[in-house]
Amino acid sequence: MAPSTFVAEAVLFDMDGTLTDSIQAVEAAWGKVAKDIGEDPVHVIAATHGKRAVDNLSQFRPEIKQHEMDDEVQDFEESILYFADAYSTHGRGSRRQSSCGTPIIGSPFGSGANTPALTSGSSSNSSAPHSRSNSIAAYGRRPSFAQRLHSRLVMSAVPEITSRPKVASPTSSPELNDFAIADDEDESYDPAIVFMEGEDGSLTKHRLEAWQVEAGAVDRSVRILPGVKRMISSLPDGRYAVATSGARTYAFGCMTRVGITPPPVTITADDKRLKAGKPAPDPFLLAAKELGFDAKNCVVFEDSPSGIRAGVASGATVIAVCTSHDRAKIENCGAHYLVENMDKVSVQVLPSGNLEFTVDA
(Lines give C-alpha, C1' and ligand atoms only; values in the text may rest on other atoms or scores of the structure.)
Protein backbone atom coordinates (compact mmCIF):
# COMPACT_ATOMS: atom_id res chain seq x y z
CA MET A 1 0.00 0.00 0.00
CA ALA A 2 1.33 3.44 -0.94
CA PRO A 3 2.04 5.85 1.95
CA SER A 4 -0.74 8.30 2.80
CA THR A 5 -0.14 12.02 3.26
CA PHE A 6 -2.28 14.61 5.02
CA VAL A 7 -1.90 17.98 6.77
CA ALA A 8 -2.77 18.90 10.35
CA GLU A 9 -2.15 21.80 12.70
CA ALA A 10 -1.01 20.05 15.90
CA VAL A 11 -0.42 16.70 17.57
CA LEU A 12 -2.04 15.28 20.69
CA PHE A 13 -0.11 12.35 22.18
CA ASP A 14 -1.32 9.76 24.60
CA MET A 15 1.54 8.83 26.92
CA ASP A 16 1.85 5.25 28.12
CA GLY A 17 1.83 2.75 25.31
CA THR A 18 2.29 5.58 22.83
CA LEU A 19 5.34 7.56 23.97
CA THR A 20 6.52 5.35 26.82
CA ASP A 21 6.25 1.70 27.75
CA SER A 22 5.62 1.14 31.43
CA ILE A 23 3.04 -1.57 30.87
CA GLN A 24 4.85 -4.13 33.03
CA ALA A 25 4.99 -1.76 35.98
CA VAL A 26 1.36 -0.69 35.50
CA GLU A 27 0.16 -4.29 35.32
CA ALA A 28 2.21 -5.21 38.38
CA ALA A 29 0.66 -2.33 40.33
CA TRP A 30 -2.88 -3.28 39.31
CA GLY A 31 -2.03 -6.92 39.99
CA LYS A 32 -1.10 -5.96 43.55
CA VAL A 33 -4.39 -4.06 43.92
CA ALA A 34 -6.24 -7.15 42.68
CA LYS A 35 -4.51 -9.42 45.19
CA ASP A 36 -5.13 -6.95 48.01
CA ILE A 37 -8.89 -6.97 47.33
CA GLY A 38 -9.15 -10.66 46.46
CA GLU A 39 -9.88 -10.20 42.75
CA ASP A 40 -8.44 -12.00 39.73
CA PRO A 41 -5.40 -9.98 38.56
CA VAL A 42 -6.05 -10.90 34.92
CA HIS A 43 -9.54 -9.43 35.11
CA VAL A 44 -8.47 -6.26 36.92
CA ILE A 45 -5.53 -5.62 34.57
CA ALA A 46 -7.71 -6.07 31.49
CA ALA A 47 -10.44 -3.81 32.85
CA THR A 48 -8.14 -0.94 33.83
CA HIS A 49 -5.94 -0.41 30.79
CA GLY A 50 -6.11 3.05 29.24
CA LYS A 51 -8.43 4.43 31.91
CA ARG A 52 -7.84 6.89 34.74
CA ALA A 53 -6.72 5.49 38.07
CA VAL A 54 -9.50 7.47 39.76
CA ASP A 55 -12.13 5.68 37.65
CA ASN A 56 -10.51 2.28 38.18
CA LEU A 57 -10.12 2.74 41.92
CA SER A 58 -13.72 3.91 42.16
CA GLN A 59 -14.78 0.68 40.48
CA PHE A 60 -12.59 -1.80 42.32
CA ARG A 61 -12.26 -0.06 45.68
CA PRO A 62 -15.66 1.57 46.26
CA GLU A 63 -14.89 1.97 49.96
CA ILE A 64 -12.55 4.88 49.18
CA LYS A 65 -14.25 8.11 50.21
CA GLN A 66 -14.29 11.07 47.86
CA HIS A 67 -12.02 13.18 50.07
CA GLU A 68 -9.51 10.32 50.18
CA MET A 69 -9.36 9.68 46.45
CA ASP A 70 -6.61 12.16 45.51
CA ASP A 71 -4.29 10.59 48.07
CA GLU A 72 -5.17 7.08 46.93
CA VAL A 73 -4.52 7.95 43.29
CA GLN A 74 -1.13 9.42 44.11
CA ASP A 75 -0.22 6.41 46.23
CA PHE A 76 -1.21 4.07 43.43
CA GLU A 77 0.80 5.98 40.84
CA GLU A 78 3.82 6.08 43.14
CA SER A 79 3.49 2.29 43.37
CA ILE A 80 3.73 2.08 39.57
CA LEU A 81 7.00 4.01 39.69
CA TYR A 82 8.15 1.78 42.56
CA PHE A 83 7.64 -1.31 40.39
CA ALA A 84 9.39 0.46 37.51
CA ASP A 85 12.45 1.32 39.61
CA ALA A 86 12.68 -1.66 41.99
CA TYR A 87 14.95 -3.80 39.82
CA SER A 88 17.55 -1.05 39.60
CA THR A 89 17.18 0.23 43.17
CA HIS A 90 17.17 -2.98 45.20
CA GLY A 91 16.96 -5.86 42.71
CA ARG A 92 19.72 -7.63 40.83
CA GLY A 93 20.00 -4.60 38.57
CA SER A 94 21.09 -2.38 41.46
CA ARG A 95 24.33 -0.57 40.74
CA ARG A 96 25.04 0.06 44.43
CA GLN A 97 25.78 -3.16 46.27
CA SER A 98 27.74 -4.39 49.21
CA SER A 99 30.61 -6.76 48.56
CA CYS A 100 28.27 -9.69 49.17
CA GLY A 101 25.84 -8.48 46.52
CA THR A 102 23.25 -6.98 48.86
CA PRO A 103 21.80 -3.75 47.38
CA ILE A 104 22.38 -0.40 49.06
CA ILE A 105 19.52 2.04 48.75
CA GLY A 106 19.34 5.67 49.73
CA SER A 107 16.92 7.34 52.06
CA PRO A 108 14.09 7.96 51.67
CA PHE A 109 13.37 4.62 50.03
CA GLY A 110 11.13 4.65 46.98
CA SER A 111 10.72 5.89 43.45
CA GLY A 112 9.90 9.44 44.41
CA ALA A 113 13.58 10.26 44.67
CA ASN A 114 13.88 9.82 40.92
CA THR A 115 10.91 12.00 40.09
CA PRO A 116 11.56 15.73 39.93
CA ALA A 117 9.56 17.94 42.25
CA LEU A 118 6.65 19.43 40.36
CA THR A 119 5.47 22.93 41.11
CA SER A 120 2.31 24.52 39.80
CA GLY A 121 4.48 26.45 37.36
CA SER A 122 6.15 23.44 35.80
CA SER A 123 3.43 23.20 33.16
CA SER A 124 1.80 26.59 33.18
CA ASN A 125 -0.77 25.84 30.49
CA SER A 126 -1.23 22.32 31.65
CA SER A 127 -3.16 20.47 34.27
CA ALA A 128 -4.56 22.48 37.13
CA PRO A 129 -2.52 22.15 40.33
CA HIS A 130 -3.28 19.06 42.31
CA SER A 131 -6.00 19.68 44.88
CA ARG A 132 -3.58 18.98 47.69
CA SER A 133 -0.76 21.21 46.44
CA ASN A 134 -2.38 24.40 47.72
CA SER A 135 -2.71 23.06 51.22
CA ILE A 136 0.55 21.18 51.69
CA ALA A 137 2.46 24.17 53.01
CA ALA A 138 -0.29 25.25 55.38
CA TYR A 139 -1.56 21.93 56.65
CA GLY A 140 0.94 19.30 55.56
CA ARG A 141 -0.19 16.00 54.05
CA ARG A 142 -0.17 12.44 55.06
CA PRO A 143 3.13 10.67 54.27
CA SER A 144 3.53 9.58 50.67
CA PHE A 145 3.66 5.95 49.54
CA ALA A 146 7.45 6.16 49.42
CA GLN A 147 7.74 7.73 52.86
CA ARG A 148 5.39 5.22 54.44
CA LEU A 149 7.22 2.37 52.74
CA HIS A 150 10.49 3.71 54.11
CA SER A 151 8.99 3.91 57.60
CA ARG A 152 7.79 0.33 57.38
CA LEU A 153 11.26 -0.78 56.35
CA VAL A 154 12.77 1.07 59.29
CA MET A 155 10.33 -0.61 61.67
CA SER A 156 11.05 -4.01 60.12
CA ALA A 157 14.81 -3.73 60.37
CA VAL A 158 16.45 -7.08 60.95
CA PRO A 159 17.10 -6.88 64.71
CA GLU A 160 20.38 -8.73 64.90
CA ILE A 161 22.15 -6.37 62.51
CA THR A 162 23.20 -2.95 63.77
CA SER A 163 24.13 0.15 61.85
CA ARG A 164 27.73 0.19 60.76
CA PRO A 165 29.86 2.59 58.73
CA LYS A 166 30.29 1.97 55.03
CA VAL A 167 33.77 1.46 53.68
CA ALA A 168 34.78 1.75 50.08
CA SER A 169 35.58 -1.52 48.40
CA PRO A 170 39.18 -1.43 47.16
CA THR A 171 38.18 -3.31 44.02
CA SER A 172 35.06 -1.33 43.22
CA SER A 173 34.64 1.10 40.36
CA PRO A 174 34.02 4.70 41.51
CA GLU A 175 31.61 5.19 38.63
CA LEU A 176 29.37 2.44 39.95
CA ASN A 177 29.47 3.87 43.48
CA ASP A 178 29.97 0.42 45.00
CA PHE A 179 30.53 -0.15 48.70
CA ALA A 180 31.62 -3.06 50.86
CA ILE A 181 30.27 -3.92 54.28
CA ALA A 182 32.84 -4.72 56.95
CA ASP A 183 32.81 -8.38 57.97
CA ASP A 184 29.97 -9.21 55.56
CA GLU A 185 32.06 -10.74 52.77
CA ASP A 186 30.99 -14.30 53.61
CA GLU A 187 27.28 -13.53 53.83
CA SER A 188 25.13 -15.27 51.21
CA TYR A 189 22.86 -13.18 49.01
CA ASP A 190 19.26 -12.85 50.22
CA PRO A 191 16.90 -10.91 47.88
CA ALA A 192 14.75 -9.92 50.87
CA ILE A 193 17.62 -8.01 52.48
CA VAL A 194 18.67 -4.46 51.62
CA PHE A 195 20.91 -1.94 53.32
CA MET A 196 19.46 1.49 54.04
CA GLU A 197 21.96 4.32 53.86
CA GLY A 198 21.61 6.96 56.55
CA GLU A 199 22.47 10.65 56.30
CA ASP A 200 25.72 9.96 58.13
CA GLY A 201 26.71 7.31 55.62
CA SER A 202 25.99 4.39 57.93
CA LEU A 203 24.23 1.29 56.63
CA THR A 204 21.41 -0.55 58.37
CA LYS A 205 20.05 -3.89 57.22
CA HIS A 206 16.31 -4.20 56.46
CA ARG A 207 14.03 -6.98 55.31
CA LEU A 208 11.65 -6.45 52.40
CA GLU A 209 8.11 -7.76 52.22
CA ALA A 210 7.36 -10.53 49.73
CA TRP A 211 5.77 -8.23 47.15
CA GLN A 212 8.75 -5.88 47.33
CA VAL A 213 11.13 -8.77 46.68
CA GLU A 214 9.03 -9.77 43.67
CA ALA A 215 9.06 -6.17 42.43
CA GLY A 216 12.85 -6.18 42.42
CA ALA A 217 13.12 -9.54 40.68
CA VAL A 218 11.90 -8.35 37.28
CA ASP A 219 13.13 -5.43 35.20
CA ARG A 220 9.99 -3.34 34.65
CA SER A 221 11.79 -0.09 33.92
CA VAL A 222 10.08 2.56 31.80
CA ARG A 223 11.24 2.63 28.17
CA ILE A 224 10.77 5.02 25.28
CA LEU A 225 9.00 3.53 22.27
CA PRO A 226 10.35 3.36 18.69
CA GLY A 227 10.15 6.56 16.65
CA VAL A 228 9.13 8.77 19.57
CA LYS A 229 12.33 10.79 19.91
CA ARG A 230 12.41 11.48 16.18
CA MET A 231 8.76 12.47 16.07
CA ILE A 232 8.94 14.84 19.03
CA SER A 233 12.14 16.45 17.79
CA SER A 234 10.44 17.08 14.42
CA LEU A 235 7.61 19.10 15.96
CA PRO A 236 7.80 22.84 16.67
CA ASP A 237 7.15 24.08 20.20
CA GLY A 238 3.49 24.85 20.74
CA ARG A 239 2.35 22.31 18.16
CA TYR A 240 2.05 19.26 20.39
CA ALA A 241 0.62 18.26 23.72
CA VAL A 242 0.19 15.17 25.88
CA ALA A 243 -3.23 14.02 27.09
CA THR A 244 -2.93 11.01 29.35
CA SER A 245 -5.05 8.88 31.65
CA GLY A 246 -2.22 9.06 34.17
CA ALA A 247 -2.14 11.67 36.93
CA ARG A 248 0.80 14.05 37.38
CA THR A 249 2.95 11.78 39.57
CA TYR A 250 2.91 8.92 37.11
CA ALA A 251 2.85 10.95 33.88
CA PHE A 252 5.75 13.23 34.71
CA GLY A 253 7.63 10.37 36.36
CA CYS A 254 7.41 8.19 33.26
CA MET A 255 8.35 10.88 30.77
CA THR A 256 11.30 12.21 32.71
CA ARG A 257 12.63 8.69 33.25
CA VAL A 258 13.07 8.22 29.49
CA GLY A 259 14.32 11.71 28.70
CA ILE A 260 11.08 13.26 27.46
CA THR A 261 10.49 16.78 28.69
CA PRO A 262 6.76 17.07 29.42
CA PRO A 263 5.42 19.76 27.07
CA PRO A 264 3.87 22.93 28.52
CA VAL A 265 0.45 21.53 27.66
CA THR A 266 0.28 18.21 29.47
CA ILE A 267 -3.25 17.22 30.43
CA THR A 268 -3.27 14.65 33.21
CA ALA A 269 -6.09 12.66 34.74
CA ASP A 270 -6.19 14.76 37.91
CA ASP A 271 -6.84 17.99 36.00
CA LYS A 272 -9.94 19.39 37.70
CA ARG A 273 -11.15 20.91 34.44
CA LEU A 274 -11.90 17.44 33.07
CA LYS A 275 -15.44 16.21 33.52
CA ALA A 276 -14.61 12.74 32.21
CA GLY A 277 -11.64 10.67 31.14
CA LYS A 278 -11.10 8.44 28.12
CA PRO A 279 -13.02 7.02 26.28
CA ALA A 280 -14.73 10.41 26.54
CA PRO A 281 -12.98 12.97 24.30
CA ASP A 282 -12.49 15.52 27.10
CA PRO A 283 -8.69 15.11 27.56
CA PHE A 284 -8.00 15.63 23.85
CA LEU A 285 -10.48 18.47 23.52
CA LEU A 286 -8.87 20.28 26.45
CA ALA A 287 -5.35 19.68 25.13
CA ALA A 288 -6.28 21.08 21.72
CA LYS A 289 -7.96 24.09 23.30
CA GLU A 290 -4.90 24.83 25.45
CA LEU A 291 -2.70 24.69 22.34
CA GLY A 292 -5.07 27.08 20.57
CA PHE A 293 -6.32 24.68 17.91
CA ASP A 294 -9.54 22.90 17.05
CA ALA A 295 -9.25 19.17 17.81
CA LYS A 296 -10.71 18.48 14.37
CA ASN A 297 -7.51 19.87 12.88
CA CYS A 298 -5.23 17.80 15.11
CA VAL A 299 -3.66 14.35 14.99
CA VAL A 300 -4.06 11.98 17.91
CA PHE A 301 -1.55 9.17 18.56
CA GLU A 302 -3.06 6.41 20.70
CA ASP A 303 -2.55 2.75 21.56
CA SER A 304 -5.54 1.61 23.64
CA PRO A 305 -9.14 0.95 22.62
CA SER A 306 -10.49 3.55 25.07
CA GLY A 307 -7.92 6.13 23.95
CA ILE A 308 -8.59 5.53 20.26
CA ARG A 309 -12.31 5.96 20.82
CA ALA A 310 -11.62 9.19 22.73
CA GLY A 311 -9.54 10.51 19.85
CA VAL A 312 -12.20 9.61 17.30
CA ALA A 313 -14.90 11.24 19.43
CA SER A 314 -12.84 14.45 19.58
CA GLY A 315 -13.00 14.72 15.79
CA ALA A 316 -9.21 14.40 15.37
CA THR A 317 -7.41 12.25 12.85
CA VAL A 318 -6.35 9.20 14.86
CA ILE A 319 -3.20 7.18 14.27
CA ALA A 320 -3.27 3.98 16.32
CA VAL A 321 0.01 2.30 17.20
CA CYS A 322 0.18 -1.45 17.85
CA THR A 323 2.62 -1.10 20.73
CA SER A 324 0.51 -2.45 23.59
CA HIS A 325 -2.35 -4.31 21.89
CA ASP A 326 -2.55 -6.79 19.07
CA ARG A 327 -3.83 -5.28 15.83
CA ALA A 328 -7.00 -7.36 16.06
CA LYS A 329 -7.93 -5.72 19.38
CA ILE A 330 -7.74 -2.14 18.11
CA GLU A 331 -8.43 -2.28 14.38
CA ASN A 332 -12.17 -1.86 14.84
CA CYS A 333 -12.01 1.09 17.26
CA GLY A 334 -12.33 3.71 14.53
CA ALA A 335 -8.72 4.84 14.01
CA HIS A 336 -8.01 6.43 10.62
CA TYR A 337 -4.58 4.81 10.41
CA LEU A 338 -3.11 1.73 12.07
CA VAL A 339 0.67 1.34 12.23
CA GLU A 340 3.18 -0.88 13.99
CA ASN A 341 4.78 2.03 15.83
CA MET A 342 5.75 5.67 15.36
CA ASP A 343 8.64 4.72 13.10
CA LYS A 344 6.00 4.30 10.40
CA VAL A 345 5.02 7.97 10.57
CA SER A 346 7.05 11.00 9.49
CA VAL A 347 6.28 14.71 9.64
CA GLN A 348 7.48 17.84 7.87
CA VAL A 349 6.83 21.41 8.93
CA LEU A 350 5.32 23.43 6.09
CA PRO A 351 6.08 27.14 5.50
CA SER A 352 2.67 27.92 6.98
CA GLY A 353 3.67 26.20 10.20
CA ASN A 354 1.24 23.37 9.62
CA LEU A 355 2.38 19.75 9.73
CA GLU A 356 2.45 17.35 6.79
CA PHE A 357 2.26 13.72 7.88
CA THR A 358 3.23 10.68 5.85
CA VAL A 359 1.91 7.37 7.13
CA ASP A 360 3.35 4.09 5.90
CA ALA A 361 0.57 1.79 6.98
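Refer to the structure printed above.
This text gives an overview of the structure that appears in the document. (Residues numbered from 1 in each chain as written. Predicted model: local features only at pLDDT ≥ 70, side-chain atom pairs only at ≥ 80, totals over all residues. Heavy atoms only, no water.)

Here the focus is helix H7 (residues 210-217). For H7, every residue scored as buried is listed here: Trp 211, Gln 212, Ala 215 and Gly 216. Looking down the long axis of H7, one finds its buried residues gathered within 135 degrees of arc, a one-sided arrangement. H7 presents Ala 210 and Ala 217 as exposed residues on the side facing more than 90 degrees away from its buried surface. (Buried < 20%, exposed > 50% of the residue type's maximum accessible area, 1.4 Å probe, protein only. Helix = DSSP H or I, 4+ residues; strand = E, 2+ residues; numbered from the N terminus. Arc of directions from axis to C-beta.)

Glancing now at the sheet that holds strand S12 (residues 317-321). Across the sheet, which stays open at both edges, the 6 strands sit in the order S10-S9-S2-S11-S12-S13 with parallel pairing between neighbours. Strands with a single pairing partner mark the edges of an open sheet, and in this sheet they are strand S10 (266-267) and strand S13 (337-339). Relative to the sheet, helix H11 (residues 305-314) contacts strand S11 (298-302) and S12, its axis offset from that of S12 by approximately 165 degrees. (Pairing = 2+ DSSP bridges. Contact = heavy atoms within 4.5 Å. Axes fitted to C-alpha atoms, helices over the stretch in contact; angles between N-to-C directions.)

It is worth spelling out the sheet that holds strand S15 (residues 355-359) at this point. Strand order in the open sheet made by the 3 strands is S1-S15-S14, with antiparallel pairing throughout. The two strands at the open ends of the sheet, each matched to only one other strand, are strand S1 (4-8) and strand S14 (345-349). For this sheet the average axis-to-axis angle between neighbouring strands, irrespective of direction, equals 25 degrees.

Taking burial as the measure, the 5 residues of S12 include 4 buried ones, the bulk of the element. Strand direction decides the pairing type here: S11 and S12, joined by 4 bridges, are parallel. Residue Val 300 lies in a different strand from S12, and its bridge partner there is Val 318. After leaving S11, the chain enters H11 and then returns to the sheet as S12, a path that is right-handed. (Right-handed = clockwise from strand over helix to strand, strands pointing away.)

Quick look at unusual backbone geometry now. Along the chain, Lys 278 connects to Pro 279 via a cis peptide bond; the corresponding omega equals 15 degrees. The topology assignment puts Pro 279 in the loop between S10 and helix H10 (282-291).

Scope: geometric values only; no functional claims are made or implied.
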